[in-house]
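Single-letter residue listing:
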Amino acid sequence: MESHDLRIRRVAIDTWRENVAYLHRDCAVVRAAGFQALSKVMVRANGMTISAVLNVVDDVAIVQTDELGLSEDAFARLNVATGHAARVSPSEPPESLSALHRKIVGERLSRKDLHDIIQDVAQARYSKIELAAFVVATNGYDLERDEVLYLTEAMIDSGRRLDWQRAVRGGPVVDKHCIGGIPGNRTSMLVVPIVAAHGMLCPKTSSRAITSPAGTADTMEVLAEVELPIERLQQIVRDTNACLAWGGTAELSPADDILISVERPLGIDSPGQMVASILSKKIAAGSTHLVLDIPVGPTAKVRSMPAAQRLRKLFEYVASILNLHLEVMITDGSQPIGNGIGPVLEARDVMQVLRNDPFAPADLREKSLRLAGRVIEFDPDVRGGDGWRIARDILESGRALAQMEAIISAQGRRAERPSLGELTHEVVAIGAGSVGAIDNLRLARIARLAGAPQVPGAGVDLLRKVGDPVTAGQALYRVHARYPADLSFARDLAARDSGYLLDPAAATP
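Worth saying up front: this structure is predicted, and the values here are computed from it rather than measured. (Residues numbered from 1 in each chain as written. Predicted model: local features only at pLDDT ≥ 70, side-chain atom pairs only at ≥ 80, totals over all residues. Heavy atoms only, no water.)

## Topic: the sheet that holds strand β17 (residues 475-481)
No. 1: Across the sheet, 4 strands lie side by side as β12-β15-β17-β13; this open sheet has antiparallel pairing. The sheet is open, and its two borders are formed by β12 (340-341) and β13 (423-428), each paired with just one other strand.
No. 2: Bridge count for β13 against β17 is 6 bridges, and the pairing is antiparallel. Note on β17: the bridge partner recorded for L423 is A481.
No. 3: Against the sheet, helix α19 (residues 484-496) engages β13 and β17, with an angle of about 5° to β13. (Pairing = 2+ DSSP bridges. Helix = DSSP H or I, 4+ residues; strand = E, 2+ residues; numbered from the N terminus. Contact = heavy atoms within 4.5 Å. Axes fitted to C-alpha atoms, helices over the stretch in contact; angles between N-to-C directions.)

## Some points on the pairing of strand β4 (residues 48-57)
No. 1: β4 sits mainly inside the fold: 7 of its 10 residues count as buried.
No. 2: Here strand β2 (residues 20-24) runs beside β4; their pairing, made up of 5 bridges, is parallel. Opposite Y22, over in β4, you have N55 as the bridge partner.
No. 3: Judged from the 6 bridges that link them, strand β3 (residues 40-45) and β4 form a sheet pairing that is antiparallel. The residue of β4 that forms the bridge with V43 is I50.
No. 4: Here β3 folds back onto β4, and the loop between the two strands holds 2 residues, one of which, N46, carries a positive phi near 55°. (Buried < 20%, exposed > 50% of the residue type's maximum accessible area, 1.4 Å probe, protein only.)

## So, the pattern of salt bridges
No. 1: This structure, assessed with the given rule, holds 39 salt bridges.
No. 2: A salt bridge links E72 to R10; its shortest N-O distance comes to 2.9 Å. You can see E72 sitting in helix α2 (residues 72-78) and its partner R10 sitting in strand β1 (residues 6-10), a full 62 residues away along the chain.
No. 3: The exposure class of E72 is partly exposed, given its relative accessible area of 26%.
No. 4: A residue is classified by how much of its surface remains accessible, and R10, at 46% relative accessible area, is partly exposed.
No. 5: Of the charged contacts, one joins D116 and K112 as a salt bridge, the two residues approaching to 2.6 Å between their closest N and O atoms. With D116 and K112 both in helix α4 (residues 111-122) and 4 residues apart, this pair spans about one turn of that helix.
No. 6: Several salt bridges converge on common partners, so that one network encompasses R7, R9, D66 and E67. (Salt bridge = Lys/Arg side-chain N within 4 Å of Asp/Glu carboxyl O.)

## Regarding the pairing of strand β6 (residues 85-90)
No. 1: Strand direction decides the pairing type here: β1 and β6, joined by 2 bridges, are antiparallel. If you follow R7 over to β6, its bridge partner there is A85.
No. 2: Note that β3 and β6 share 4 bridges and pair antiparallel. Looking across to β6, one finds that R44 is bridged to R87.

## Some points on helix α3 (residues 97-104)
Given 3.6 residues to a turn, an α-helix orients residues that are three or four positions apart in the same direction.
No. 1: Buried within α3 we find L97, A99, L100 and K103. On an axial view of α3, the arc spanned by its buried residues comes to 155°, and they lie on one face.
No. 2: Of the surrounding elements, those touching the buried residues of α3 are α4, α5 (128-137) and α6 (145-157).
No. 3: In the segment just after α3, G106 is the residue with positive phi, at about 100°. (Arc of directions from axis to C-beta.)

## Structural notes on the nonpolar core
No. 1: Membership of the largest hydrophobic core comes to 49 residues, with the highest contact counts inside it found for I179, L279 and F315.
No. 2: It is helix α13 (residues 305-321) that contributes the most residues to this core, 8 residues altogether.
No. 3: Residues within four places of I179 in sequence aside, it is in contact with M274, I278, L292, D293, I294, P295, K301, V302, L311 and F315.
No. 4: In terms of nonpolar packing, the next biggest core, distinct from the first, is built from 48 residues, V226, I337, L354 and L395 among them. (Core = buried A, V, L, I, M, F, W, Y, C linked by side-chain atoms within 4.5 Å.)

## What about α6?
No. 1: In a regular helix each residue adds 1.5 Å, so 13 residues correspond to 18 Å; α6 covers 19 Å between its end C-alpha atoms and thus fits that length.
No. 2: Most of α6 sits inside the fold, with 10 of its 13 residues counted as buried.
No. 3: Buried within α6 are the following residues: E147, V148, L149, Y150, L151, T152, E153, A154, M155 and I156. (Expected span 1.5 Å × (residues − 1).)

## Some points on the side chain of K367
No. 1: In this fold, K367 is placed in helix α15 (residues 362-376).
No. 2: The contact partners of K367, leaving out residues within four places of it in the chain, are N185, T187, D293, P295, T331 and I337.

## Quick notes on the packing of α6 against helix α12 (residues 271-284)
No. 1: Orientation of α6 relative to α12, taken along the N-to-C sense of each, is 40°, at an axis distance of 8 Å. Seen along the crossing, α6 lies across α12 with a hand that is right-handed. Contacts between α6 and α12 involve V148, L151, T152, M155 and I156 on the former and, on the latter, G272, V275, A276, S277, L279, S280 and I283.
No. 2: Class assignment for the residues of the contact of α6 with α12 results in 8 nonpolar, 4 polar and no charged. (Left-handed = near helix turned anticlockwise from the far one by under 90°. Nonpolar A, V, L, I, M, F, W, Y, C, P; charged D, E, K, R; others polar.)

## Observations regarding the packing of aromatic side chains
No. 1: Applying the stated criterion to the full structure yields 1 aromatic pair.
No. 2: Arranged with centres 5.5 Å apart and planes meeting at 35°, the rings of Y477 and Y500 form a pair that is tilted. Within this pair, whereas Y477 is found in strand β17, its partner Y500 is found in strand β18 (residues 500-503), the two being separated by 23 residues in sequence. This pair shows no difference in class: Y477 is buried, exactly as Y500 is.
No. 3: Here the guanidinium or amino end of R17 rests over the ring plane of W16, the centre of that ring lying 5.6 Å away.
No. 4: One cation-aromatic arrangement involves R208 over W246; the distance from NZ or CZ to the ring centre is 5.4 Å. (Phe/Tyr/Trp six-rings, centres within 6.5 Å; stacked < 30°, edge-to-face > 60°. Lys NZ or Arg CZ within 6 Å of the ring centre and 35° of its normal.)

## Here we look at unusual backbone geometry
No. 1: Note the cis peptide between A452 and P453, where omega equals 0°.
No. 2: Along the chain, P453 turns up in the loop between α18 (440-449) and β15 (459-462).
No. 3: One non-glycine residue with positive phi stands out, namely A124, at about 60°.
No. 4: As for its placement among the helices and strands, A124 is situated in the loop between α4 and α5.

## Some details on the state of the cysteines
No. 1: Inspection of every chain in the model, using the stated rule, returns 0 disulfides.
No. 2: Not engaged in a disulfide, the cysteine C202 finds its nearest cysteine sulfur in C243; these two sulfurs lie 8.0 Å apart. (Disulfide = S-S within 2.5 Å.)

## Concerning the sheet that holds β3
No. 1: Here 6 strands make up a closed barrel; going around it, the order is β1-β5-β2-β4-β3-β6 and the pairing mixed. Ignoring which end each strand starts from, the neighbouring axes of this sheet average 45° apart.
No. 2: Pairing analysis gives 4 bridges linking β1 to strand β5 (residues 67-70), with the strands arranged parallel. Bridging from a neighbouring strand, I8 pairs with L68 of β5.

Pasting the structure below:
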């Protein structure tokens, strides 16, 4: 049964990767079809069709009885003008739903099963409830390694693939990625210009923050434009050997972005999903060689060396079959890397390192050089073990800074950079001793409550790191915010638990 024409109305609600349609309770379509809230419907207009979840409303200020309201996501996907005629009909369940039901009860899925599921996900045929069911059913190590391979392949096939081989003439297309979970740690913004200055192609498409106070794209956006059309991105890479752009505009592995929208509120980041997410994005972006950073620490995503080795083997298995040359580096994830947590503060740290500033964070500099050195060793003309020295020379000579400035100019330099949050609060040591441990999760949450990354100048500036001596009342870190409410939220959380563990035994006599 299909409805009479309704007028499309754009409802300014961000439903975050879900198509939502709004009908008034007194709409003839609702009465005739017996639609209920959260029913799935098909919306047709101007030859386009989308699947959407129905919300029933009682307020004519939101949608009138002869109108069909569309959320921002649905409106963008349908791509027709406000006021255009549209029709609504009941939606048939996605054909792949039977495979999802089999996975829920523990069955092993085939390559076709996972391909069909991911195609339906990419076409927004799954509701958030159905997406959550898939995410939970594939959580932990419930996916066998072949299923992880099939999931990765399906995610690659769901979007565009970039091909840089004409630009490199058979040479490597390199990238570096960290699995996340460590505040600061903005090594990509140092590795990319170092490697590009060496002459290697490094088209870095990065994500925005999911659960952290800043992603690489958020931090780069302090300095330059990151939302680039694919044709412009390709030209920038041809001109500068590199880019540091947001991957959302490139339509690479779009199903992954939709799944992340459910994983984030559930707090789920399972090994199989992590492998498929990262490798699908890198392969779709055209990378042939990848250095992968897996930090290990008591408050990192990976808490132990056995868990890190197990994850490493899963990454290596999938990468080898998909012809991606992968080097895994297991690194120290016991504390934040760098001094700043939040886009403006992290951009400050990056530029200090590039400028060889004596006050630049040494841990960020050294880790970036190790990672860049490993990437440079993908160059067949570089001997194994020489990469770190080459990376150091590029950084110290100023070539990395010049390359970064070229990338910033090519992407579009920010005319006015966002400023650091003017409202501040210092968190101080309650006693004397030395810093014994820093809780990554707690510091990240404090920075997010302060407003990061939505407010680029918000975050946390670390004044003491693990091993540093402190006296009672000495500042451990400074919280920056733009709005009083944000500062209050962050201050209250820090008062309950600062995220710092002090060792009083190490107090100076």
